Amino acid sequence: MKNELERPPLKISTEQMIALHGFFAEAAAVGEARLGEISGSETEVEVEEIRTTPLGEFGDRGLCLSEDLVAGVMGRLSGVIPGSMSLVLEPEDALLWSRLGTDGDPLETFVALGRALLGGVVEAIGELLEGDVALVAAALVEEPELEMLVRTHAPSDTMVFSTRLRIDVRDEVVTAVSHLLVEPKYLARVLSALSAAIH
């Protein structure tokens, strides 16, 4: 007899994927303004690709920047939707990005830029769910992406929303990938809010 507590995995429709793209594009636009304040230069952030993958399948099917060590900014979400968020770049791109438009310490600048871009997503989540959300303890992480995500100790059926981003500043272009981890018990609320937003 099937355990009544078992829930079938939630499926994300094409309509919801389109809504997700719009959601992350709006979040990127919020992040652009924050990035410009830090670097002193106009910054464009374009969402090039979105993929949703259960954490347990991320190693095989996830949208991953690299299988090698990456430079990332990672923190926890608190508020109406607990979870984790990260932004990762190739180490060379992270250094380049951090040196554009500022003479400060590159590591501190990279973390500040990462927090600013992730902050745009946090603000958009708060508006979508009509509640308070905060990014907590966002800090520098240097390790392969899969290890970074597994280290959150999130359940294997946690959904990973991954976006590939093109960041254009001062005639330089770097590629980044962001990951938002949402546990199944909160996922239905996110998908419901997305569906409502496009109707």
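Each value, and the rule that gives it
Residues numbered from 1 in each chain as written. Predicted model: local features only at pLDDT ≥ 70, side-chain atom pairs only at ≥ 80, totals over all residues. Heavy atoms only, no water. Helix = DSSP H or I, 4+ residues; strand = E, 2+ residues; numbered from the N terminus. Rg over C-alpha atoms; globule rule 2.2 N^0.38 Å. Buried < 20%, exposed > 50% of the residue type's maximum accessible area, 1.4 Å probe, protein only. Contact = heavy atoms within 4.5 Å. Areas by Shrake-Rupley, 256 points an atom, 1.4 Å probe, with all protein chains shown as cover. Lys, Arg positive; Asp, Glu negative; His and termini not counted. Charge placed at Lys NZ, Arg CZ, Asp CG, Glu CD. Arc of directions from axis to C-beta. Salt bridge = Lys/Arg side-chain N within 4 Å of Asp/Glu carboxyl O. Axes fitted to C-alpha atoms, helices over the stretch in contact; angles between N-to-C directions. Parallel < 35°, antiparallel > 145°, perpendicular 65-115°, else oblique. Left-handed = near helix turned anticlockwise from the far one by under 90°. Nonpolar A, V, L, I, M, F, W, Y, C, P; charged D, E, K, R; others polar.

Q: Could you give an account of the overall build of the protein chain, with specific residues and numbers?
A: Tallying secondary structure elements over the protein chain gives six helices and six strands in all. Across the protein chain, helices and strands are ordered from the amino to the carboxyl terminus as α-β-α-β-β-α-α-β-α-β-β-α. In terms of C-alpha radius of gyration, the protein chain reaches 17 Å, essentially the compact-globule figure of 16 Å for 199 residues. If you line up the protein chain on its principal axes, its C-alpha atoms span 65 × 35 × 25 Å. Across the 199 residues that make up the protein chain, the buried fraction comes to 46%. For the protein chain, long-range pairs separated by at least 24 residues make up 73% of all intrachain contacts whose partners lie at least 6 apart in sequence. When the accessible surface of the protein chain is split by element, carbon and sulfur atoms take 49% of a total near 10100 Å². Here the protein chain contributes 15 positively and 34 negatively charged side chains, and the mean placements of these two sets differ by 6 Å.

Q: Lay out helix α3 (residues 91-99) in plain terms, naming residues and giving numbers.
A: Those residues of α3 that fall on the buried side of the exposure criterion are A94, W97 and S98. The arc that holds the buried residues of α3, viewed along the axis, is 95 degrees, so those residues lie on one side. Opposite the packed face of α3, turned more than 90 degrees from it, sit the exposed residues E92 and R99.

Q: An account of the pattern of salt bridges is needed here, citing residue identities and associated values.
A: Note on pairing: side chains with opposite charge can pair once their charged atoms come close. Inspection of every chain in the model, using the stated rule, returns six salt bridges. For the salt bridge of E49 with R164, the shortest nitrogen-to-oxygen distance reads 3.4 Å. With E49 in strand β1 (residues 43-54) and R164 in strand β5 (residues 159-169), the pair connects residues that are 115 residues apart, well separated along the chain. With relative accessibility at 21%, the residue R164 sits in the partly exposed group. Measuring nitrogen to oxygen at the nearest pair gives 2.5 Å for the salt bridge that ties E57 to R61. Its relative accessible area of 35% is what places E57 among the partly exposed residues. Assessed through its relative accessible area of 41%, R61 is described here as partly exposed. Each of the salt bridges in this network shares a partner with another, and the network as a whole consists of E49, R51 and R164.

Q: Tell me about the packing of helix α1 (residues 14-39) against helix α4 (residues 106-129), residues and numbers included.
A: Running from amino to carboxyl end, α1 crosses α4 at an angle of 140 degrees, the nearest separation of the two axes being 8 Å. Our classification of the angle between α1 and α4 gives oblique. Between α1 and α4 the crossing geometry is right-handed. Here F23, F24, A27, V30, G31, R34, L35 and I38 of α1 come into contact with α4, specifically with A112, L113, A116, L117, G119, G120, V121, E123, A124, I125 and L128. Taken together, the residues of the contact of α1 with α4 break down into 14 nonpolar, three polar and two charged.

Q: For the packing of α3 against α4, give the residues involved together with the corresponding values.
A: Running from N to C, α3 and α4 cross one another at 90 degrees; their axes reach a closest spacing of 8 Å. The orientation of α3 with respect to α4, classified from their angle, is roughly perpendicular. On the side of α3, the interface is formed by A94, L95, W97, S98 and R99, while α4 contributes P106, T109, F110, L113, G114 and L117. The residue inventory of the contact of α3 with α4, partitioned by class, reads seven nonpolar, three polar and one charged.

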